[in-house]
Amino acid sequence: MSARILDGTEVAAVVKEEVSKAVADLAYQPGLATILVGDDPASHSYVRGKRRDAGQVGIRSIHHELPDSIDQIELTALIESLNADDDVDGILVQLPLPGDLNGESAVETIDPAKDVDGLHPFSLGKLMLGQPGLRPCTPSGVMRLLDHYDIGTAGSRAVIVGRSYLVGRPLAMLLLERGADSTVTVAHSRTVDLPAVTSEADILVAAAGSPGLIKAEHVRPGATVIDVGVNRTDDGLVGDVDFGAVVEVAGAITPAPGGVGPMTRAMLLANTLRAAEARRGVG
Ligand code: NAD
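Residues numbered from 1 in each chain as written. Predicted model: local features only at pLDDT ≥ 70, side-chain atom pairs only at ≥ 80, totals over all residues. Heavy atoms only, no water.

A.B. asks: Quick one: what's the story with the overall build of the protein, residue by residue and with numbers?
C.D. replies: Scanning the protein from N- to C-terminus turns up ten helices and eleven strands. Over its C-alpha trace the protein gives a radius of gyration of 19 Å, about what one expects of a compact globule, namely 19 Å for 283 residues. Overall size of the protein, expressed as C-alpha extent along the three principal axes, is 55 × 40 × 35 Å. Looking at the protein as a whole, 48% of its 283 residues are labelled buried. Within the protein, residue pairs in contact and separated by at least 24 positions form 73% of the contacts whose partners lie at least 6 positions apart. Per element, the accessible surface of the protein, about 12,900 Å² overall, is 52% carbon and sulfur. Averaging the locations of the 24 positively and 38 negatively charged side chains of the protein gives two centres separated by 4 Å. (Helix = DSSP H or I, 4+ residues; strand = E, 2+ residues; numbered from the N terminus. Rg over C-alpha atoms; globule rule 2.2 N^0.38 Å. Buried < 20%, exposed > 50% of the residue type's maximum accessible area, 1.4 Å probe, protein only. Contact = heavy atoms within 4.5 Å. Areas by Shrake-Rupley, 256 points an atom, 1.4 Å probe, with all protein chains shown as cover. Lys, Arg positive; Asp, Glu negative; His and termini not counted. Charge placed at Lys NZ, Arg CZ, Asp CG, Glu CD.)

A.B. asks: Break down empty space enclosed by the protein for me, with residues and values.
C.D. replies: Under the definition given, this model contains one cavity of 30 Å³ or more. Lining the largest cavity we find Val93, Leu95, Val107, Ile110, Asp115, Asp117 and Leu119. Split by residue class, the lining of the largest cavity holds five nonpolar, no polar and two charged. (1 Å grid on protein atoms, 1.4 Å probe; cavity = no way out; pocket = protein on both sides within 12 Å on 5 of 7 lines; lining within 4 Å. Points joined across faces, edges and corners; volume = space filled by probe spheres on them. Nonpolar A, V, L, I, M, F, W, Y, C, P; charged D, E, K, R; others polar.)

A.B. asks: How would you sum up a nonpolar patch on the surface? Please name residues and give values.
C.D. replies: Together, Tyr46, Val230 and Leu237 line one region of the surface with nonpolar side chains, adding up to about 260 Å² of accessible area. Inspection of the secondary structure assignment puts Val230 in the loop between strand 8 (224–227) and strand 9 (231–233). A relative accessible area of 47% places Val230 in the partly exposed class. (Patch = residues over 30% accessible without salt bridge, like charges linked within 9 Å, V, L, I, M, F, W, Y side chains within 5 Å. Salt bridge = Lys/Arg side-chain N within 4 Å of Asp/Glu carboxyl O.)

A.B. asks: Lay out the packing of helix 1 (residues 8–25) against helix 6 (residues 137–148) with the relevant residues and their values.
C.D. replies: Running from N to C, helix 1 and helix 6 cross one another at 100°; their axes reach a closest spacing of 10 Å. Comparing the axis directions of helix 1 and helix 6 gives the class roughly perpendicular. The segment helix 1 lies against helix 6, with Gly8, Val11, Val14, Val15 and Glu18 engaging Arg144, Leu145 and His148. Looking at the contact of helix 1 with helix 6, its residues break down into four nonpolar, two polar and two charged. (Axes fitted to C-alpha atoms, helices over the stretch in contact; angles between N-to-C directions. Parallel < 35°, antiparallel > 145°, perpendicular 65-115°, else oblique.)

A.B. asks: Summarise the packing of aromatic side chains; cite the residues concerned and give the values.
C.D. replies: Counted under the stated rule, the structure contains zero aromatic pairs. Its end group placed over the ring of Tyr28, Arg280 keeps NZ or CZ at 4.0 Å from the ring centre. (Phe/Tyr/Trp six-rings, centres within 6.5 Å; stacked < 30°, edge-to-face > 60°. Lys NZ or Arg CZ within 6 Å of the ring centre and 35° of its normal.)

A.B. asks: Outline the site of the ligand, supporting the account with residue identities and numerical values.
C.D. replies: In the region of the ligand, 21 residues are neighbours, and Arg163, Ser164, Ser189, Val230 and Thr264 sit closest. A distance of 2.5 Å separates an oxygen atom of the ligand from a polar side-chain atom of Ser164. Here a nitrogen atom of the ligand sits 3.3 Å away from a polar atom, N or O, in the main chain of Val228. Relative to its free-state accessible area of 860 Å², the ligand is covered by the protein chains to the extent of 70%. Here the shell around the ligand takes three residues from helix 10 (residues 260–279), the largest share from any one element. (Near = heavy atom within 4 Å. Polar contact = N/O pair within 3.5 Å; in protein donor to acceptor, adjacent residues only side chain to side chain.)

A.B. asks: How would you summarise the sheet that holds strand 4 (residues 90–93) if you had to cite specific residues and measurements?
C.D. replies: Spatially, 3-2-4 is the arrangement adopted by the three strands of the open sheet, whose pairing is parallel. The open sheet has two edge strands with one neighbour each: strand 3 (60–66) and strand 4. Sheet twist, expressed as the mean angle between neighbouring strand axes with direction ignored, is 15°. (Pairing = 2+ DSSP bridges.)

A.B. asks: Quick rundown of helix 2 (residues 41–56)? Include the residues and the values.
C.D. replies: Its 16 residues give helix 2 an end-to-end C-alpha distance of 23 Å, which sits within 8% of 22 Å, the value for a rise of 1.5 Å per residue. Buried positions along helix 2 lie against helix 1, strand 2 (31–37), strand 3, strand 4, strand 9 and helix 10. (Expected span 1.5 Å × (residues − 1).)

Structure below.
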């Protein structure tokens, strides 16, 4: 039997509609600042998408495009000026940065109150402590997708493949939080016998950046499979899951593209709204 498809494009539209309504009810227009350094085509395309999304929900987009000849001091100065700008509610530095520029240091310069990517150590620390805060967009998009489709996490066994600070680790924290209550395993490139580990999962999340890594043998029949992977191949963009094989075994599955990607973008808008409300004492 073929798995139920978890349609990220559809759920992202629901999130965007919610954000759009909430923005329309505000007495001011939230602002999202994007910083793009260099000429990497993928980064340009991502930022274009984020700016378009912002416009669609009524968030003002403030865009800064810098040549890759800039140095860390100039980048820091720009971020500090956006920190001080009252019209800016969220700041996003598109990663990775080119050359010798240090992305972690750039993110650490962002005022945590405007950290709409949720990747500042302050935000990640709040997540670790189980305290409210801005959460990284991709993991919170996965949680929202599960919630939308009523896929219960409490008591479930969740296995995440990938231990990055961008996806795997924060998602593990979100699934562990009280209320989500999963039992979480994080697998990685040094995990021995990956199929044995992943086939324990009720919820299996692939975030490895390895095309087609997850095959039918990795999946327990009926499991929910979330494919975070975005891999550029000669056949175009593909995920980490061998969709054609796994769709026949899983109970529910995200397509890639069209699964987690749109959710990530939608959660950036939700975070910007949240940051705006928190900064201005609304909500
Ligand atoms: P990363 O390279 O920082 O981390 C990859 C992780 O996967 C590492 O922990 C590594 O140990 C693990 N891994 C790699 N190969 C493995 C293997 N063969 N077996 C087991 N574990 C393995 O990558 P990242 O930034 O976390 O991104 C992961 C993937 O998710 C990439 O394809 C990326 O493009 C994608 N991504 C998608 C979105 C989205 O919105 N859809 C957002 C962020 C990242």
